[in-house]
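Residue-level structure breakdown
Residue-level listing of the chains:
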There are 4 protein chains.
Amino acid sequence: MPRAVREQQMLDAAVRIFGRRGYRAASMDEIAELAGVSKPLVYLYLNSKEELFGACVRREAAALVDAVREGVGAASGERADRQLWGGLRAFFAHTAERPDGWAVLHGQARTQGEPFAAEVAAMRAEVLAFVTSLIVAAAREAHGDPLLPEREVAGLARALVGAAESLADWANADASVSGKEAAATLMRFAWAGLGGLLEGRGWDPA
Amino acid sequence: MPRAVREQQMLDAAVRIFGRRGYRAASMDEIAELAGVSKPLVYLYLNSKEELFGACVRREAAALVDAVREGVGAASGERADRQLWGGLRAFFAHTAERPDGWAVLHGQARTQGEPFAAEVAAMRAEVLAFVTSLIVAAAREAHGDPLLPEREVAGLARALVGAAESLADWANADASVSGKEAAATLMRFAWAGLGGLLEGRGWDPA
Amino acid sequence: MPRAVREQQMLDAAVRIFGRRGYRAASMDEIAELAGVSKPLVYLYLNSKEELFGACVRREAAALVDAVREGVGAASGERADRQLWGGLRAFFAHTAERPDGWAVLHGQARTQGEPFAAEVAAMRAEVLAFVTSLIVAAAREAHGDPLLPEREVAGLARALVGAAESLADWANADASVSGKEAAATLMRFAWAGLGGLLEGRGWDPA
Amino acid sequence: MPRAVREQQMLDAAVRIFGRRGYRAASMDEIAELAGVSKPLVYLYLNSKEELFGACVRREAAALVDAVREGVGAASGERADRQLWGGLRAFFAHTAERPDGWAVLHGQARTQGEPFAAEVAAMRAEVLAFVTSLIVAAAREAHGDPLLPEREVAGLARALVGAAESLADWANADASVSGKEAAATLMRFAWAGLGGLLEGRGWDPA
DNA sequence: GATGAATGAGTTTTCATTCAT
DNA sequence: GATGAATGAAAACTCATTCAT
């Protein structure tokens, strides 16, 4: 069996085990067994547990970013809200379809020290860039001019992405919640909030 | 030295090590050393690594819920937005003050299998209950009548809490972001969003 | 059983295994078993295979140097030839009594890379210093004045020590050769050679 | 490329790796890579690591013995001292020219258990035979009659060879010491010693 | 003649956990 | 109440060796 194929099988197995057991609790023995190969072959192809995990993280991060990019892109040319909606739907669909991959990214990589946390941060930065540009675009479409300071937009994007991540966990854990419903709830809320802020209906602690 | 005090010292040490290394990577040796006691004593008082971790999770969860409850309670009698604001501020202040405890709850316990995930879910449920009741109260104050279906309120609360958690990580990781600023951004956004939804300015995919 | 005693047992076992199998071929399992303890205890006390080997080398080197020093010292006050003879006899007696220790020093440590080779080199330097000073003393006693250039003395000392090491291997391998006989042969030869050189009866390639 | 050539390349690579890393630490992977062939080919030609090492030892031992034989032979017909000098020079020149081969013979094979130690012993026996016969010849030339008992001659030869081996290591390790200088120092010393013994100027413990 | 693909067996090392005192 | 001494079990990783092509 050619190397490239075997490698993907190993990554599949590794994502599943890492996602379910966690990085430290996952054993190379179990991964090799699930992949249907011997341990030395895993080491021959992927060098070490750390590199194997890194390869998983990179693959899953790229897949997720691609999915979101495609979701947004499918509505390119339409208004910002449709593009955001496309991205959200794609995000929830992807995390629902690959729960182990999502667990690796969101549940494991973030907490396993620098090389991996950085990789996840880079992925999140890509998504944040999408969201940020869509917020700015929405503001332009609504008022022709961004009224929100850049720093606040960054915070909003972060909040939106955080909410989405949390809802993805929710939808993955609770079978009665569909990705579509989660996306709709979040979109309605977010769009209302954005609109309100742009029209000056924010809240003031005083 | 009385047992209760020793136990708290052990928990302090354990939270610090668990929070920084992760559950699996943390070693009982290191925890005992940091606590300044011998390993057998840790076992005498806390029985096993699993129980020790459970005790950490329970203590930190209770402390966080207490902090939020107090933050909300300090504005009891005032309007729902002030109470939500009080809870948010307390949440961000607490996570900033006890980053290791927050790492144990948010970064570790959630991904370490049933007994702990359940404990964290219970804690989050308490916080969600607060938030849900405040959203309902806000709706009453605004229209005398909750216009939002229960299911949507649950989703909104979840989104709000998820956003808060994500912003807490952000504020912990990026020193230039204060808890207060994160809280204010989120509050402005959330309140505008809630108000918009209540007034029927939501977004519709069609 | 107190730690210090256990440690010596472990070193005894390790010297035996390292000496017979070689550094790489020796297994920590076998060492622990011969020492009558579990492997983790070996690691608890001696940290790693490398450190364990280092401890063996240091112990055996010190023992050998001490033996030679004592052999030389027992004839202190007497003439240089008696002192050299004392050192040689002690050297052969020691290597015959502790063949595994000698194998560790001469057969293994020298070829196992820097930290160990350096340790053996230091030991040999001590012995070389003895021999060198005895050669110089002999020259003084014979002629009141060292006629041999320093560089040649260094080479002679080296040759003498090398011959002794080789004869020690020989005596260890061939039971019919006693340490005393080896020492006597070498001493007769060396003393005749030294005397000849000092009296100008050396050999010239031309 | 013909088999014989390929085989020599493999042996070249193996001698280099074995000499530098040691028998156990050397890996067949590294040897195959350095030889520029695939591992199965190494096995096809040389069967196993053990046989490969054996082939290295035999080749290097033969080369060394040949070199010494040639060195001695170049002075055949001359007096014994010239022949010994020729052998010594050749020995030091050869070990300096092929340090890895010398390391395999002197540093590794001797300590790797029976098959190899025996091979090295056989090589040394050949060299010892040269030296022994030269000592006897020298005695004849000087007195017409060997005054030294056979057993002592064996010891002397051994000491001489041991000294030479040790000086070869020295010259290999310390660049400021040339093979020629080492050979001269040893030759002067040895010849003076031999002459002294033959003339009854030995040393007596009493 | 030559190799890419693959593995069984063994290595060093770590860790949660328990006694005897 | 507290600890020094000790270990069973398992982890990551390596290596000599073999097939199918």
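Residues numbered from 1 in each chain as written. Chains lettered and ligands numbered in written order. Predicted model: local features only at pLDDT ≥ 70, side-chain atom pairs only at ≥ 80, totals over all residues. Heavy atoms only, no water.

Some remarks on the protein's contact with DNA strand F
- Neighbouring residues of DNA strand F: 29 residues in total, closest Lys39 and Tyr43 of chain A, Pro40 of chain C together with Lys39 and Tyr43 of chain D.
- Counting only atoms of DNA strand F within 4 Å of the protein, the fraction found in sugar and phosphate groups is 58%.
- Lys49 of chain A is positioned such that a nitrogen or oxygen atom in its side chain is 2.8 Å from a phosphate oxygen of DNA strand F.
- A distance of 3.0 Å separates a phosphate oxygen of DNA strand F from a polar atom in the side chain of Ser38 of chain B.
- Looking at the surface near DNA strand F, the elements with two or more residues in it are helix H3 (39-46) of chain A, helix H3 (39-46) of chain B, helix H1 (3-21) and helix H3 (39-46) of chain C together with helix H3 (39-46) of chain D. (Near = heavy atom within 4 Å. Polar contact = N/O pair within 3.5 Å; in protein donor to acceptor, adjacent residues only side chain to side chain. Helix = DSSP H or I, 4+ residues; strand = E, 2+ residues; numbered from the N terminus.)

Brief notes about the protein's contact with DNA strand E
- Around DNA strand E, the surrounding shell holds 31 residues, and the nearest of these are Pro40 of chain A, Lys39 and Tyr43 of chain B together with Lys39 and Tyr43 of chain C.
- Between a phosphate oxygen of DNA strand E and a main-chain N or O atom of Met28 of chain B, the distance comes to 2.9 Å.
- Here a phosphate oxygen of DNA strand E sits 3.0 Å away from a polar atom, N or O, in the side chain of Tyr43 of chain B.
- Listed by contribution, the elements that provide at least two residues to the surface near DNA strand E are helix H1 (3-21) and H3 of chain A, H3 of chain B, helix H2 (28-35) and H3 of chain C together with H3 of chain D.
- Looking at which element gives the most residues to the surface near DNA strand E, the answer is H3 of chain D, with four residues.

A short note on the relation of the copies chain D and chain C
- Superposition record for chain D on chain C: RMSD 0.3 Å, screw rotation 179 degrees, translation along axis 0.0 Å. Taken together, the rotation and translation relating the two chain copies correspond to the operation of a two-fold axis. Scanning chain D for the C-alpha nearest the rotation axis identifies Gly193 of chain D, at a separation of 1.7 Å. (Least-squares fit on C-alpha atoms with pLDDT ≥ 70 in both.)

Quick word on the interface of chain A and chain B
- Across the boundary between the two partners, chain A contributes 45 residues, which contact 45 residues of chain B.
- Both sides of the chain A and chain B interface together cover about 4,000 Å² of buried area, and 59% of this is carbon and sulfur.
- Considering only the side of chain A, the residues that lose the most area to chain B are Arg188, Phe189 and Trp203 of chain A, jointly responsible for 22% of the buried surface there.
- Across the contact surface, chain A and chain B share six salt bridges.
- Ionic pairing is found between Arg110 of chain A and Asp169 of chain B, a salt bridge with its closest N-O pair at 3.6 Å.
- Inspection of the chain A/chain B interface yields eight residue pairs in polar contact (both at pLDDT 80 or more).
- Those elements that provide at least two residues to the side of chain A that touches chain B are helix H5 (80-97), helix H6 (99-108), helix H8 (150-173) and helix H9 (179-198) of chain A.
- The dominant element in the side of chain A that touches chain B, judged by the number of residues it contributes, is H8 of chain A, at 14 residues.
- Split into classes, the residues belonging to the side of chain A that touches chain B amount to 20 nonpolar, twelve polar and 13 charged. (Contact = heavy atoms within 4.5 Å. Buried area = accessible area lost by both parts, 1.4 Å probe. Salt bridge = Lys/Arg side-chain N within 4 Å of Asp/Glu carboxyl O. Nonpolar A, V, L, I, M, F, W, Y, C, P; charged D, E, K, R; others polar.)

Description of the interface of chain D and chain C
- At the junction of the two partners, chain D supplies 45 residues and chain C supplies 45 residues.
- Of the roughly 4,100 Å² buried between chain D and chain C on both sides combined, carbon and sulfur atoms contribute 59%.
- Together, Arg188, Phe189 and Trp203 of chain D form the three largest contributors to the area buried by chain D at its contact with chain C, with a combined 22%.
- For the interface between chain D and chain C, the tally reads six salt bridges.
- Joining chain D to chain C, the criterion identifies eight residue pairs in polar contact (both at pLDDT 80 or more).
- Elements represented by at least two residues in the side of chain D that touches chain C include exactly helix H5 (80-97), helix H6 (99-108), helix H8 (150-173) and helix H9 (179-198) of chain D.
- The biggest single contributor to the side of chain D that touches chain C is H8 of chain D, with 14 residues.
- Taken together, the residues of the side of chain D that touches chain C sort by class into 20 nonpolar, twelve polar and 13 charged.

Here we look at the packing of aromatic side chains
- This model, assessed by the stated rule, comprises 34 aromatic pairs over all chains.
- When the centroid spacing of 6.1 Å and the interplanar angle of 55 degrees are considered together, the rings of Tyr23 of chain C and Phe116 of chain C count as tilted. You can see Tyr23 of chain C sitting in the loop between H1 and H2 and its partner Phe116 of chain C sitting in helix H7 (residues 114-143), a full 93 residues away along the chain. When sorted by exposure, Tyr23 of chain C lands in the same class as Phe116 of chain C, which is buried.
- Through a chain of ring-to-ring contacts, three or more aromatic side chains come together here, namely Phe18, Tyr23, Phe53 and Phe116 of chain A.
- A cation over an aromatic ring shows up here: Lys49 of chain A above the ring of Tyr23 of chain A, its NZ or CZ 5.0 Å from the ring centre. (Phe/Tyr/Trp six-rings, centres within 6.5 Å; stacked < 30°, edge-to-face > 60°. Buried < 20%, exposed > 50% of the residue type's maximum accessible area, 1.4 Å probe, protein only. Lys NZ or Arg CZ within 6 Å of the ring centre and 35° of its normal.)

Some points on the confidence of the model for chain A
- When the pLDDT values of chain A are averaged, the result is 89; 98% of them are 70 or greater.
- Helix H7 (residues 114-143) of chain A is the least confidently modelled element of chain A, averaging 86 in pLDDT, while helix H4 (residues 49-73) of chain A averages 94, the highest of any element. (pLDDT = per-residue confidence, 0-100.)

Comments concerning the packing of H1 of chain C against H2 of chain C
All names here are of chain C.
- In contact at an axis separation of 8 Å, H1 and H2 are set at 135 degrees when each is read in the N-to-C sense. With respect to H2, the axis of H1 lies oblique. In the crossing of H1 with H2, the sense of the turn from one axis to the other is right-handed. Across the interface between the two elements, Gln9, Met10, Ala13, Ala14, Arg16, Ile17, Phe18 and Arg21 from H1 touch Glu30, Ile31, Leu34 and Ala35 from H2.
- Across the contact of H1 with H2, the residue classes tally to eight nonpolar, one polar and three charged. (Axes fitted to C-alpha atoms, helices over the stretch in contact; angles between N-to-C directions. Parallel < 35°, antiparallel > 145°, perpendicular 65-115°, else oblique. Left-handed = near helix turned anticlockwise from the far one by under 90°.)

Thoughts on the arrangement of the chains
- The two units chain A and chain C never meet; even their closest C-alpha atoms stay 21 Å apart.
- A minimum C-alpha distance of 31 Å separates chain B and chain D, which share no contact.

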